[in-house]
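The residues making up each chain are set out below.
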Amino acid sequence: RASNRTGGKNSNRTAGNFSQTNLPFAGKIKLFEDNKEQKGISIMKIDYRIRDDFAEIIRCRGTISKVVLPEQIGRYPVKKVAAYAFSSKKGKEDTDILVYESPEDILFGENERLLAGEEIEEVIFPDTVEEIGNYIFYNCKMLNRLEFSDSLVRLGSGAFTGCGDLEVLTGHLK
């Protein structure tokens, strides 16, 4: 059952902790009471690190421009996605990382690429993600769709800097 909670042009209603009047895509926020929509399968390699009792995603590599992040890596829930994770403007790459490879990773071959900047068009966060880092989508000019749940409570500063094509922001109510 869909519930559209966006208000009119001057609405101050909020979606989670996001004030719709401060977002350039305010009229396009869709909230759903459950998360039963088919999300598809994204085959990729994920750079991550373990933080206390959860996994933090650092970078992703794959073959398609749609990124569907997993709810957990091994026994660790994915609760955070690092600063600049999808930005092609990240300075130095992290070296203290682990790599998760989906079982289908042999399909990568030479088509594997860093999923950042203009290489991504859509990102779907799992219900477990609570925080996304600063400038996570910095200069992702082709990003046009983002999906998350109401578990997301921390949005890093500058997260959407340079994302002029972002058209659809979908939030799922758990």
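Look above for the structure.
Residues numbered from 1 in each chain as written. Predicted model: local features only at pLDDT ≥ 70, side-chain atom pairs only at ≥ 80, totals over all residues. Heavy atoms only, no water.

Overview of the nonpolar core
Val-81, Phe-86, Phe-125 and Phe-137 are the most contacted members of the largest nonpolar core, which has 31 residues in total. Mapped by element, the contributors of at least two residues to this core are β5 (44-51), β6 (54-62), β9 (76-81) and β14 (145-149). Residue contacts for Phe-137: discarding those within four places in its chain leaves Phe-86, Ile-120, Val-123, Phe-125, Ile-132, Leu-143, Leu-146, Ala-159, Phe-160, Thr-161 and Cys-163. (Core = buried A, V, L, I, M, F, W, Y, C linked by side-chain atoms within 4.5 Å. Buried < 20%, exposed > 50% of the residue type's maximum accessible area, 1.4 Å probe, protein only. Helix = DSSP H or I, 4+ residues; strand = E, 2+ residues; numbered from the N terminus. Contact = heavy atoms within 4.5 Å.)

Focus: the side chain of Ser-151
Mapping Ser-151 onto the fold places it in the loop between β14 and β15 (154-155). A distance of 2.8 Å separates the side chain of Ser-151 from the backbone oxygen of Asp-127, its partner in a polar contact. Beyond its immediate stretch of four places on either side in the chain, Ser-151 contacts Asp-127, Val-129, Glu-130 and Lys-174. (Polar contact = N/O pair within 3.5 Å; in protein donor to acceptor, adjacent residues only side chain to side chain.)

Brief notes about the pattern of salt bridges
A full pass over the atoms with the stated rule returns 15 salt bridges. Between Lys-45 and Glu-101 there is a salt bridge whose closest N-O contact spans 3.5 Å. Of this pair, Lys-45 sits in strand β5 while Glu-101 sits in strand β10 (residues 98-101), and the two are 56 residues apart along the sequence. Across the salt bridge formed by Arg-49 and Asp-94, the nearest N and O atoms sit 2.4 Å from each other. Of this pair, Arg-49 sits in strand β5 while Asp-94 sits in the loop between β9 and β10; the two residues are 45 residues apart in sequence, bridging distant segments of the chain. The exposure class of Asp-94 is partly exposed, given its relative accessible area of 25%. Connected via shared salt-bridge partners are Arg-49, Arg-51, Glu-56, Lys-80, Lys-90, Asp-94, Asp-96, Glu-131 and Arg-154. (Salt bridge = Lys/Arg side-chain N within 4 Å of Asp/Glu carboxyl O.)

A few points about the state of the cysteines
Taken as a whole, this structure holds zero disulfides when the rule is applied. In this structure Cys-140 is not part of a disulfide, and its nearest cysteine sulfur, from Cys-163, lies 5.2 Å away. With a relative accessible area of 10%, Cys-163 lands in the buried category. (Disulfide = S-S within 2.5 Å.)

Digging into the environment of Ser-65
Mapped onto the secondary structure, Ser-65 falls in the loop between β6 and β7 (66-68). By relative accessible area, which is 21% here, Ser-65 ends up partly exposed. Each C-alpha atom of the pair Ser-65 and Glu-119 lies 5.7 Å from the other, and the pair is 54 residues apart in sequence. Among residues more than four places away in sequence, those in contact with Ser-65 are Arg-113, Glu-119, Ile-120, Glu-121 and Glu-122.

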